Amino acid sequence: MARDYLDSALEWLNDYTGDNKNLLAIGGAGAVLLLGSIYILPNGKDRHRLTGGGIKADRVKQEFNDYADAYGKEAGAGITDRTKTGQLVDTFYNLVTDIYEWGWGLSFHFSPRLPGKSWAASEAAHESRLAAILQLLPGKKCLDVGCGVGGPMRTIASTSGAEVTGITINQYQVQRAEHHNKKMGVQELCKPVQGDFLKMPFKDNSFDAAYAIEATCHAAKLEEVYGEIQRVLKPGGLFASYEWVATKHYDENNPEHVKIIDEINFGNGLPEMRTYKQAEEAGKIAGLELVMSIDIATASSVAGPWYNRLGWLMKSHIITFNSTMVWILARLHLAPAGMEDVHTMLVRVAKSLCDGGSTGVFSPMHLLVFKKPASPGKDQVANHVSA
Ligand SMILES: C[S@@+](CC[C@H](N)C(=O)[O-])C[C@H]1O[C@@H](n2cnc3c(N)ncnc32)[C@H](O)[C@@H]1O
């Protein structure tokens, strides 16, 4: 709640500052620092204490260094040993989950900004779009593939009435999701589970529908996670995904494009980036029929760019002040040593994400909708809407 007021106040400040932007930004940022320093300190389970998630405080620096070393130095390398992807992604989310909750919110994804709506409302609309596409209704069972701390799951279960089971590789996120679900009174419909989405602990044909929001991009092989989703979906069930992709504007021979994508991979725990065509193909390899393929980032001519929220966080110097706070907290032993390195990585990637968005070479929301064939083995000819 405090964050909502703070966000609205800062957005208001941003809209009304005009030519006095710098002066007001400094005043505003001072207030953020003051409020933030209160907000970040321990406060029961709702605290925004920055921990290493499931990693002990004295291991955070080393785990971060090991994570960084896992990325190849050559352009386009990504994670060099792809067999370690799951373990590295788990480490990544141990390191960033508290920072994401503190600096971003409970939904770990982007959304276009709808005209006249707040970022929170735009985010909820982006999540609810999936409930509509999947035709979720009370009594339906839906799977959230890579559920984070459950922000989307809570919106989708409460708007549709469907039961949503979420899977995340990170045990700490399960704890956080359970805490938020209980606090918001949605635990009856929202069930987070720890597990690897490449080997899901669910029976064949057990879900009416499934969705993934900015999560399957973490798989070492996209067709493998899509294959698991195909297995657990009931015949005829739909799967919708907001995929992180290189768009049709990406040129693998352009060093600037490659650099942007490399930085995005490193700062987000991705083994590599796929093109949207490769993602479409991965679904077909997994035995799914492509129903829809459209980049939501550019679909609406009136919605504001998804990366503006990050851009605004940078422009208003909130990110810089947050970095200072993390540095101070680490020095005071209120945050683990190494947390400032993690924060620096996230600050750097915020710029790369904005560059990826503004050049149009990257989208975190290419919507792919697939269907599990009603009778497996039948000719999987794509009969799809494409844009
Ligand atoms: C960017 S977060 C998105 C979380 C959530 N969909 C949201 O929008 O708030 C990516 C999620 O994918 C999960 N994930 C990545 N690799 C995974 C794997 N192999 N098995 C299960 N979950 C995985 C992470 O743990 C994290 O929860």
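Residues numbered from 1 in each chain as written. Predicted model: local features only at pLDDT ≥ 70, side-chain atom pairs only at ≥ 80, totals over all residues. Heavy atoms only, no water.

As recorded in an unreviewed UniProt entry, the protein chain goes by Methyltransferase and comes from Symbiochloris irregularis. Looking at the protein chain in UniProt, the text filed under Pathway (unreviewed entry) is "Steroid biosynthesis; sterol biosynthesis." Turning to the protein chain, the UniProt record has this under Sequence similarities (unreviewed entry): "Belongs to the class I-like SAM-binding methyltransferase superfamily. Erg6/SMT family." (UniProt positions renumbered as here; feature names shortened; annotations may be inferred.)

(A) Highlighting the overall build of the protein chain. When helices and strands are counted, the protein chain shows 14 helices and 9 strands. Counting only residues that meet the buried cut, the protein chain has 50% of its 387 residues in that class. Sequence-distant contacts in the protein chain: of pairs separated by 6 or more residues, those separated by 24 or more amount to 79%. Carbon and sulfur atoms make up 55% of the accessible area of the protein chain, which amounts to about 17,600 Å² in all. (Helix = DSSP H or I, 4+ residues; strand = E, 2+ residues; numbered from the N terminus. Buried < 20%, exposed > 50% of the residue type's maximum accessible area, 1.4 Å probe, protein only. Contact = heavy atoms within 4.5 Å. Areas by Shrake-Rupley, 256 points an atom, 1.4 Å probe, with all protein chains shown as cover.)

(B) How the structure looks around the pattern of salt bridges. Under the criterion given, the structure shown has 15 salt bridges. A salt bridge links Asp341 to Lys61; its shortest N-O distance comes to 2.9 Å. Placement of Asp341 in helix 14 (residues 339–359) and of Lys61 in helix 3 (residues 60–69) is noted, with a sequence separation of 280 residues between them. Taking the relative accessible area as the measure of exposure, Lys61 reaches 37% and is therefore partly exposed. Here Glu228 ties to Arg231 by a salt bridge, and the two come within 2.8 Å at their closest N and O atoms. With a gap of 3 residues between them, Glu228 and Arg231 both fall in helix 8 (residues 222–232), about one helical turn apart. Under the relative-accessibility criterion, Glu228 is labelled buried at 12%. (Salt bridge = Lys/Arg side-chain N within 4 Å of Asp/Glu carboxyl O.)

(C) Structural detail: the environment of Ala77. Tracing the sequence through the fold places Ala77 in the loop between helix 3 and helix 4 (85–103). Between the alpha carbons of Ala77 and Pro271 there is a distance of 8.7 Å; along the sequence they are 194 residues apart. Excluding anything up to four places from it in sequence, Ala77 contacts Gly72, Arg82, Asp262 and Pro271.

(D) Just the site of the ligand, in detail. Taken together, 19 residues lie around the ligand, and Phe108, Gly146, Thr168, Gln173 and Phe197 are the ones closest in. Contacts to the ligand include Ile169, whose backbone N or O atom sits 3.0 Å from a nitrogen atom. Between Gly195 and the ligand, the recorded distance is 3.5 Å, taken from a backbone N or O atom to a nitrogen atom. A total of 590 Å² of accessible area belongs to the ligand in isolation, and the protein chains cover 98% of it. Classifying every residue of the shell around the ligand by side-chain character gives 9 nonpolar, 8 polar and 2 charged. (Near = heavy atom within 4 Å. Polar contact = N/O pair within 3.5 Å; in protein donor to acceptor, adjacent residues only side chain to side chain. Nonpolar A, V, L, I, M, F, W, Y, C, P; charged D, E, K, R; others polar.)

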